[in-house]
Amino acid sequence: MNAPGLLNTEAFTAFGQDVIWSDLIGNVIGLAALALGWRRSVLTWPVQVLAGLVLVCAYYSAQLAGGVGKQLLVIVVALWGWWQWRRGNRTAEDGAITVRFARPRERVVLLAGTVAGTLAVGSLFTLVPELSWNPWPDAYIFVGTLAAMTAQARGLVEFWFAWLLVDIVGVPLAFSSGLPFSGLVYVLYLGLVLWGLRSWWLRTRISTPVASATRESAVEGARP
């Protein structure tokens with residue numbers, strides 16, 4: 001049996017739900033990617049790409065073209081985020097990516113883009129039912145995920161708030177839809193999100209003075 005075929009075999013049954021290897025492995029890798037994001041490690045992005053590739057196999061096996069398309073878009077955004085962090089600001093004290101809160105204009109753009117994107121994607125899912133079994137919540141979670149990844153690529157603490165808002169809908173939706181395993185994964189995501197939010201929030205209190213000191217040193221060095 002080839003690798004894709006093996007990935008799409010049943011791993012176990014939980015809560016009356018058959019869980020295939022690609023779904024299990026993809027979600028576990030996704031948790032690892034989020035943990036690396038908490039650590040502000042650039043490795044979070046290639047790991048997210050790997051998670052997306054494995055989940056493409058899961059959706060393809062289930063013949064969910066919409067799910068495949070969504071994961072491919074997530075992979076594209078992850079590649080962009082990887083490029084952003086590779087060229088980004090690493091003036092943090094520990095050499096990792098510097099994080100900060102979004103400026104007011106950035107927050108407005110992020111919020112407006114999320115609302116507009118949800119309306120557009122929700123309308124598309126409604127017009128083409130094959131793309132989603134629950135159009136509006138699915139659109140909210142999908143666009144919210146992209147918004148979170150965009151904020152993460154910019155090193156914004158709001159990244160965690162976006163994930164939190166996604167989980168608030170994702171957890172009850174999964175359980176009410178008869179997908180308890182997916183609901184359990186969202187609960188684990190929620191724990192990591194709260195942990196990561198606290199870590200990045202505290203990090204802004206460290207990164208800001210270090211960045212300011214770096215700028216002041218540069219100015220002093222430039223003076224005759």
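Attention in this report is confined to the structure presented alongside it. In this text, all values refer to a predicted model and were calculated from it rather than measured experimentally. (Residues numbered from 1 in each chain as written. Predicted model: local features only at pLDDT ≥ 70, side-chain atom pairs only at ≥ 80, totals over all residues. Heavy atoms only, no water.)

### Details of the layout of surface pockets
It is a probe the size of a water molecule, rolled over the atoms, that shows where empty space is left. Of the voids in this model, the largest pocket is the one considered here, and its volume is about 1300 Å³. What lines the largest pocket is a set of 48 residues, and nearest its centre among them are N27, L55, Y59, Q71 and Y186. Counting only elements with at least two residues in the lining of the largest pocket, the list comes to strand 2 (17–20), helix 2 (21–38), helix 3 (44–61), helix 4 (65–86), helix 6 (135–153), helix 7 (158–176) and helix 8 (180–222). With eight residues, the single largest contributor to the lining of the largest pocket is helix 3. Among the residues making up the lining of the largest pocket, the classes are represented as 25 nonpolar, 18 polar and five charged. Taken as a whole, the second largest pocket encloses approximately 350 Å³ of empty space. Lining the second largest pocket are 14 residues; nearest its centre among them are L110, L111, T114, A162 and L165. Of all the elements in the fold, those that place two or more residues in the lining of the second largest pocket are helix 5 (104–127), helix 6 and helix 7. No other element matches helix 5, which puts six residues into the lining of the second largest pocket. A class-by-class count of the residues in the lining of the second largest pocket yields nine nonpolar, three polar and two charged. (1 Å grid on protein atoms, 1.4 Å probe; cavity = no way out; pocket = protein on both sides within 12 Å on 5 of 7 lines; lining within 4 Å. Points joined across faces, edges and corners; volume = space filled by probe spheres on them. Helix = DSSP H or I, 4+ residues; strand = E, 2+ residues; numbered from the N terminus. Nonpolar A, V, L, I, M, F, W, Y, C, P; charged D, E, K, R; others polar.)

### Digging into the pattern of salt bridges
Overall, the coordinates contain five salt bridges when judged by the stated rule. K70 is the salt-bridge partner of D138, the closest N and O atoms lying 2.7 Å from each other. With D138 in helix 6 and K70 in helix 4, this pair connects stretches of sequence that are 68 residues apart. Each member of the pair, D138 together with K70, is buried. In this structure, E106 and R103 form a salt bridge, with 3.6 Å as the shortest nitrogen-oxygen distance. Owing to a relative accessible area of 19%, E106 belongs among the buried residues under this scheme. A single network of salt bridges, built from pairs that share partners, joins R100, R103, E106 and R154. (Salt bridge = Lys/Arg side-chain N within 4 Å of Asp/Glu carboxyl O. Buried < 20%, exposed > 50% of the residue type's maximum accessible area, 1.4 Å probe, protein only.)

### Re helix 6
The end-to-end C-alpha separation of helix 6 is 27 Å, in line with the 27 Å expected for 19 residues at 1.5 Å each. Along helix 6, 14 of the 19 residues are buried, which leaves the element largely enclosed by surrounding structure. Two residues or fewer after helix 6 comes G155, characterised by a positive phi angle close to 70°. (Expected span 1.5 Å × (residues − 1).)

### Some points on the packing of aromatic side chains
Evaluation of the coordinates by the stated rule reveals ten aromatic pairs. Where F159 meets W160, the ring centres are 4.3 Å apart and the plane angle is 50°; that geometry is what we call tilted. When its relative accessible area of 0% is taken as the criterion, F159 is described as buried. Taking NZ or CZ as reference, R39 lies 5.4 Å from the ring centre of W38, over its face. Between the NZ or CZ atom of R87 and the centre of the ring of W83, over which it lies, the distance is 4.5 Å. (Phe/Tyr/Trp six-rings, centres within 6.5 Å; stacked < 30°, edge-to-face > 60°. Lys NZ or Arg CZ within 6 Å of the ring centre and 35° of its normal.)

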